[in-house]
Amino acid sequence: TGPVVVVGAGHAALETAAALRAAGHSRPVILVGAESEPPYARPPLSKGYLTGRVGTEELWLRPEGFFARQDVTAVLGDPVVEIDRDSDRVRLASGGRIAYGTLVLATGARPRRLSVPGADLDGVFALRSLRDARELRRALGAGGDVLVVGGGFIGLEVASAARGLGLRVTVVEAGPRLMGRAVTGTLSAHLAELHRAEGTRVLLDRELVALRGERGRVRVAELNDGTRLAADVVVVGIGVLPNTGLAAQAGLTTGNGVVVDRWLRTGDRNVYAIGDCARFPTPHAARPVRLESVQNATEQAACVAAALTGTRRPYTAVPWFWTEQCGVRVQMAGLTGQHDREVVAGSPAEGRFTVFCFRAGRLVGAESVNRSADHLITRRLLAAGGAGPAPDDVARPGFDLRRHLS
Ligand code: FAD
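Presented here is an overview of the structure given in this document. Please read these numbers as outputs of a predicted model, since none were measured by experiment. (Residues numbered from 1 in each chain as written. Predicted model: local features only at pLDDT ≥ 70, side-chain atom pairs only at ≥ 80, totals over all residues. Heavy atoms only, no water.)

**Quick word on the sheet that holds strand 4 (residues 80-84)**
No. 1: In spatial order, the strands read 4-5-6; together these three strands make up an open sheet with antiparallel pairing. Lying at the two open borders of the sheet, with one neighbouring strand each, are strand 4 and strand 6 (97-99). Recorded for the sheet is a direction-independent mean angle of 20 degrees between the axes of neighbouring strands. (Pairing = 2+ DSSP bridges. Helix = DSSP H or I, 4+ residues; strand = E, 2+ residues; numbered from the N terminus. Axes fitted to C-alpha atoms, helices over the stretch in contact; angles between N-to-C directions.)

Here's what the structure looks like:
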């Protein structure tokens, strides 16, 4: 009983409301969001939105009128500043209070900030919100030298978009390879080659130590090996921090995310956490994880909506991701961090391959470049939890993953 109040009005929040109504849930549903825009898709912000291929009107996750039609209340531009679990109410920045029967935390994450001198100069950007993307798009439109700090998903997507706009681009990555925390060495090397072939300068094992400006605007970046680079636009893509402040203040357990159980519940039975802000156990990893993906936000929303409409089930969805860089679509299925063996099918030289990852002889994930069928079938195999192909099967000439579908 009592309204379902969702803190956040991003991907996970919107999908929670939509799934609740699709399942016939009749209690009031209220989304409370810090941003003033209705829920929008973030993935295009580092891709087609920057090049102009995707317009603002294509970002909205639902058409105008969705909230009225679905009888969902959206309170936008007014963040929740406190959760009072004694009275089951949230307090908004504007001073208003909203009572909840069930509370869903879908507060997402915020970009990690640079901690070098000059980090606050004009021309230094993070990219999380539509507002960030608008400002970055304007800055890229003015041309000049672009420095991307961090060779992760967002940094590389921005690098690719900026090259697409004809700008001079340098990526500086502190680690020995691109996307080092997320993908195999084979894929890292392939991406580095693609970016370099497009004319982007990729500097590995190098750290930014300072940004220098003129009249408050960034002009030069200094690296730890003494290199000085011209930089009119600096894009910082060094990861995100989950928004856990509210949960922690309310006495819920946090630690790289709001800690939840297999049903996505916090220690308080009436409070769930989903999406980028939640850390949860999964059959697809040895330890609890926090994932940043549309798939995770959408399927966790569906899981909570199912629980609230009477079909409680643990969250076991197969994680998957995608990225688009240098005109190539890369798709990842499963979690490949803790694998002990990789076998490549197809041809990296021809730009069409899948890296299959195994742990103790069992398939745990796959990274596909221009081989969508491998990606989709791997997702099905991982969901089924069966044996799947063995490493030697993949290595054999003429290997066809479809044969392993039952
Ligand atoms: P969000 O969508 O971030 O929504 C959280 C919302 O909560 C925000 O609007 C925030 O302002 C609000 N909020 C925070 N605190 C409060 C508060 N106290 N009160 C009220 N509201 C609050 N994923 C992919 O799978 N593929 C991609 O290609 C991809 N590309 C991406 C590109 C970019 C530039 C970015 C930023 C992300 C990308 N992602 C991608 C990740 C994906 O967008 C996120 O995983 C997804 O948006 C997570 O949804 P969420 O609802 O958990 O968080």
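**As for the environment of V240**
No. 1: With respect to the secondary-structure elements, V240 resides in strand 17 (residues 240-242).
No. 2: With relative accessibility at 14%, the residue V240 sits in the buried group.
No. 3: Separated by 113 residues in the primary sequence, V240 and F353 place their C-alpha atoms 30 Å from one another.
No. 4: Excluding residues within four positions of it along the chain, V240 makes contact with A109, R110, P111, R112, R128, R290 and E292. (Buried < 20%, exposed > 50% of the residue type's maximum accessible area, 1.4 Å probe, protein only. Contact = heavy atoms within 4.5 Å.)

**Quick look at the nonpolar core**
No. 1: Ranked by internal contacts, the top residues of the largest apolar core, which has 100 residues, are V90, L103, L105, L136 and L264.
No. 2: When residues in this core are grouped by element, the largest group, seven residues, is from helix 8 (residues 294-308).
No. 3: Apart from the residues lying within four places of it in its own chain, the contact partners of L105 are V7, I83, A247, L252, V258, V271, Y272, A273, I274 and C277.
No. 4: With 17 residues, the next largest nonpolar core counts L114, V124, V218 and L223 among its residues. (Core = buried A, V, L, I, M, F, W, Y, C linked by side-chain atoms within 4.5 Å.)

**Some words on the side chain of S368**
No. 1: Mapped onto the elements, S368 comes out in strand 25 (residues 362-369).
No. 2: For S368, a relative accessible area of 0% gives the class buried.
No. 3: A polar contact is formed between the side chain of S368 and the side chain of T354, at a distance of 3.1 Å.
No. 4: Every residue in contact with S368, bar those within four places of it in the chain, is listed here: R329, V330, Q331, F353, T354, D374 and H375. (Polar contact = N/O pair within 3.5 Å; in protein donor to acceptor, adjacent residues only side chain to side chain.)

**So, the site of the ligand**
No. 1: A12, E35, K47, R128 and D276 are the nearest of the 30 residues found near the ligand.
No. 2: Note that an oxygen atom of the ligand is positioned 2.6 Å from one of the side-chain N or O atoms of K47.
No. 3: Across the complex, the protein chains shield 92% of the 1000 Å² of accessible surface that the ligand would expose by itself.
No. 4: At the level of secondary structure, the elements contributing two or more residues to the shell around the ligand comprise helix 1 (11-22), strand 2 (29-33) and helix 8.
No. 5: When the residues that make up the shell around the ligand are grouped by side-chain class, the tally is 14 nonpolar, ten polar and six charged. (Near = heavy atom within 4 Å. Areas by Shrake-Rupley, 256 points an atom, 1.4 Å probe, with all protein chains shown as cover. Nonpolar A, V, L, I, M, F, W, Y, C, P; charged D, E, K, R; others polar.)

**Description of the pairing of strand 23 (residues 341-347)**
No. 1: The pairing of strand 23 with strand 24 (residues 352-359) spans seven bridges and is antiparallel. Across the sheet, V343 pairs through a bridge with F356, a residue of strand 24.
No. 2: Linking two consecutive strands that pair antiparallel, namely strand 23 and strand 24, is a turn of four residues; a positive phi of about 75 degrees is found at G351 within it.

**With respect to unusual backbone geometry**
No. 1: With a phi close to 50 degrees, R215 is a non-glycine residue in the positive phi region.
No. 2: Within the secondary structure, R215 sits in the loop between strand 13 (208-214) and strand 14 (217-223).
No. 3: Positioned with a positive phi, N370 is a non-glycine residue whose angle comes to about 55 degrees.
No. 4: Residue position: N370 is located in the loop between strand 25 and helix 9 (372-384).
No. 5: The partly exposed category is assigned to N370, whose relative accessible area is 37%.

**A few points about the packing of aromatic side chains**
No. 1: Inspection of the entire model under this criterion finds four aromatic pairs.
No. 2: Both rings, one in F66 and one in F67, keep their centres 5.3 Å apart while their planes meet at 75 degrees; by these two values the pair is edge-to-face.
No. 3: Judged by relative accessible area, F67 falls into the buried class, the value being 18%.
No. 4: On the numbers, 5.7 Å between centres and 85 degrees between planes, the contact of F356 with F399 is edge-to-face. One end of the pair, F356, is in strand 24; the other, F399, is in the segment after helix 10 (391-395), and 43 residues separate them in sequence. In this structure, F356 and F399 share a single accessibility class: buried.
No. 5: Sitting above the plane of the F66 ring, R62 keeps its charged end 5.5 Å from the centroid.
No. 6: One residue, R379, lies across the ring of W320, its end atom 4.0 Å from the ring centre. (Phe/Tyr/Trp six-rings, centres within 6.5 Å; stacked < 30°, edge-to-face > 60°. Lys NZ or Arg CZ within 6 Å of the ring centre and 35° of its normal.)

**Structural notes on the pattern of salt bridges**
No. 1: By the definition in use, this model includes 21 salt bridges.
No. 2: Between R42 and E35 there is a salt bridge whose closest N-O contact spans 3.0 Å.
No. 3: Note that E157 and K47 form a salt bridge whose closest N and O atoms lie 3.1 Å from each other. A residue pair is termed long-range when its members are at least 10 positions apart, and E157 in helix 5 (residues 153-164) and K47 in the loop between strand 2 and helix 2 (48-51) qualify at 110 residues. In this structure, E157 and K47 share a single accessibility class: buried.
No. 4: Through salt bridges with shared partners, one network takes in R53, E324 and R329. (Salt bridge = Lys/Arg side-chain N within 4 Å of Asp/Glu carboxyl O.)

**Observations regarding the pairing of strand 16 (residues 233-236)**
No. 1: Burial along strand 16 is two-sided: V233 and V235 facing one way and V234 and V236 facing the other are all buried.
No. 2: Bridge count between strand 9 (residues 124-125) and strand 16: two bridges; the pairing is parallel. Residue pairing across strands places V124 opposite V234, the latter belonging to strand 16.
No. 3: In the sheet, strand 10 (residues 145-149) pairs with strand 16 via four bridges, with the strands oriented parallel. Considered in strand 16, the bridge of V148 is made with V235.

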